[in-house]
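So the chains spell out like this:
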Amino acid sequence: MKIDKVDWSDPKTSEQIIASIHSSRQVLKTCDFWLRYLDPIAYRKINGPLPVEWENEVFEKFETPYRREGAGLILAENRLGEDFLQKTDLIALLDSALASIPAFLTDSMISELNNPANFYFANRLFLLNLTAIYTTGFECPDSAHIIVELKHLLNETAKIYNTFNLSYPKYSISQKLLNSLFRSNWFCGTSNKWIFKF
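First, a word on scope: everything that follows refers to the structure included in this document. Just so it is clear, the model here is predicted, and its values are computed rather than measured.

1. Some remarks on the overall build of the protein chain
Scanning the protein chain for helices and strands turns up 9 helices and 2 strands. Taking all 198 residues of the protein chain together, the buried fraction comes to 38%. Taking as baseline every contact in the protein chain between residues at least 6 positions apart, the subset at least 24 positions apart corresponds to 66%. Summed over its atoms, the accessible surface of the protein chain is roughly 12,200 Å², and 58% of this surface lies on carbon and sulfur atoms.

2. Some thoughts on the pattern of salt bridges
Overall, the coordinates contain 5 salt bridges when judged by the stated rule. With a closest N to O distance of 3.2 Å, Lys159 and Glu156 form a salt bridge. Of this pair, Lys159 and Glu156 both sit in helix 8 (residues 146-167), 3 residues apart, which is roughly one turn of that helix. Given a relative accessible area of 13%, Glu156 falls into the buried group. Taken together, the salt bridges that share partners define one network made up of Lys29, Asp32 and Arg36.

3. Let's talk about the packing of aromatic side chains
Enumeration over the complete set of coordinates arrives at 11 aromatic pairs. An aromatic cluster is defined as three or more aromatic residues linked by ring pairs; in this entry it consists of Phe33, Trp34, Phe119, Tyr120, Phe126, Tyr161, Phe164 and Tyr168.

4. Thoughts on the environment of Ser174
Inspection of the secondary structure puts Ser174 in the loop between helix 8 and helix 9 (175-190). We classify Ser174 as partly exposed; its relative accessible area is 40%. Distance from Ser174 to Tyr161, taken between C-alpha atoms, is 9.9 Å for residues 13 residues apart in sequence. Among the polar contacts listed, one links the side chain of Ser174 to the backbone nitrogen of Leu177, at a separation of 3.2 Å.

5. Section: the environment of Ile147
Looking at the element boundaries, Ile147 is found in helix 8. Taking the relative accessible area as the measure of exposure, Ile147 reaches 3% and is therefore buried.

6. A few points about a nonpolar patch on the surface
On the surface, a nonpolar cluster with roughly 300 Å² of combined accessible area is contributed by Leu98, Ile101 and Leu105. Here Leu105 falls in the exposed class, since its relative accessible area comes to 58%.

7. Points about the nonpolar core
Membership of the largest hydrophobic core comes to 38 residues, with the highest contact counts inside it found for Phe33, Phe119, Phe126 and Tyr161. In terms of residue count, helix 8 provides more of this core than any other element does, 8 residues in total. Apart from residues lying up to four places away in sequence, Phe119 is in contact with Phe33, Trp34, Ile160, Tyr161, Phe164 and Ile173.

8. Notes on the side chain of Ser100
With respect to the helices and strands, the residue Ser100 is situated in helix 5 (residues 87-100). Ser100 gets classed as buried once you look at its relative accessible area, which sits at 7%. Those residues within four positions of Ser100 in sequence are excluded, and the remaining contacts are Ala42, Lys45 and Ile46.

9. Here we look at the side chain of Asn129
Counting through the fold element by element, Asn129 comes out in helix 7 (residues 116-134). Judged by its relative accessible area of 10%, Asn129 falls in the buried class. Beyond its immediate chain neighbours, meaning those up to four positions away, Asn129 contacts Arg36 and Tyr134.

10. What to know about helix 5
Spacing of three or four residues puts side chains on the same side of an α-helix, whose turn is 3.6 residues. Its 14 residues place the ends of helix 5 20 Å apart at the C-alpha level, agreeing with the 20 Å of an ideal helix rising 1.5 Å per residue. Taken together, the buried positions of helix 5 are occupied by Leu90, Ile91, Leu93, Leu94, Ala97 and Ser100. On the buried face of helix 5, the contacting elements are helix 1 (13-30), helix 3 (40-47) and helix 4 (73-80).

About the criteria used
Residues numbered from 1 in each chain as written. Predicted model: local features only at pLDDT ≥ 70, side-chain atom pairs only at ≥ 80, totals over all residues. Heavy atoms only, no water. Helix = DSSP H or I, 4+ residues; strand = E, 2+ residues; numbered from the N terminus. Buried < 20%, exposed > 50% of the residue type's maximum accessible area, 1.4 Å probe, protein only. Contact = heavy atoms within 4.5 Å. Areas by Shrake-Rupley, 256 points an atom, 1.4 Å probe, with all protein chains shown as cover. Salt bridge = Lys/Arg side-chain N within 4 Å of Asp/Glu carboxyl O. Phe/Tyr/Trp six-rings, centres within 6.5 Å; stacked < 30°, edge-to-face > 60°. Polar contact = N/O pair within 3.5 Å; in protein donor to acceptor, adjacent residues only side chain to side chain. Patch = residues over 30% accessible without salt bridge, like charges linked within 9 Å, V, L, I, M, F, W, Y side chains within 5 Å. Core = buried A, V, L, I, M, F, W, Y, C linked by side-chain atoms within 4.5 Å. Expected span 1.5 Å × (residues − 1).

Written out as structure tokens, the structure is:
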């Protein structure tokens, strides 16, 4: 969908854009395991929430408070719910996300995938995020999609685990960890409505 070409007078336009954002987030979750670790700053521009607009926790003797710049899919989806949405603002948020993608396609970034140690560093971050943000809705504005995204993320991460084990049998992860991931995935598949109970 070309966002600058849509008919903004059509009330269904926002729904179509949100559907495209959800689809993009689903694709993003396919490689979330690697992207968050390899370049967290570029990742934040693609899908970063902005909990505070001004950064005041600075070392004030040397640094004055500064305004944080937000971008990406979460902020774009949140902006669609506002009454006075400017098309240019929405386009700027999404353009910034698109401009961040090439950072992950450089030879130097791709070469990082050849080091088995990076898998374990990325996995440590994944496990931390699994307990801290993936299950809370912190980065998913629509609570109806938290479980959907989480299930997709777990499916794709299981594929990454299996690929790693096949590529680096000497450093393979334990079957216990694989089983835990599969059980988590099973739980998500049987618990689509649990998020609304809390």
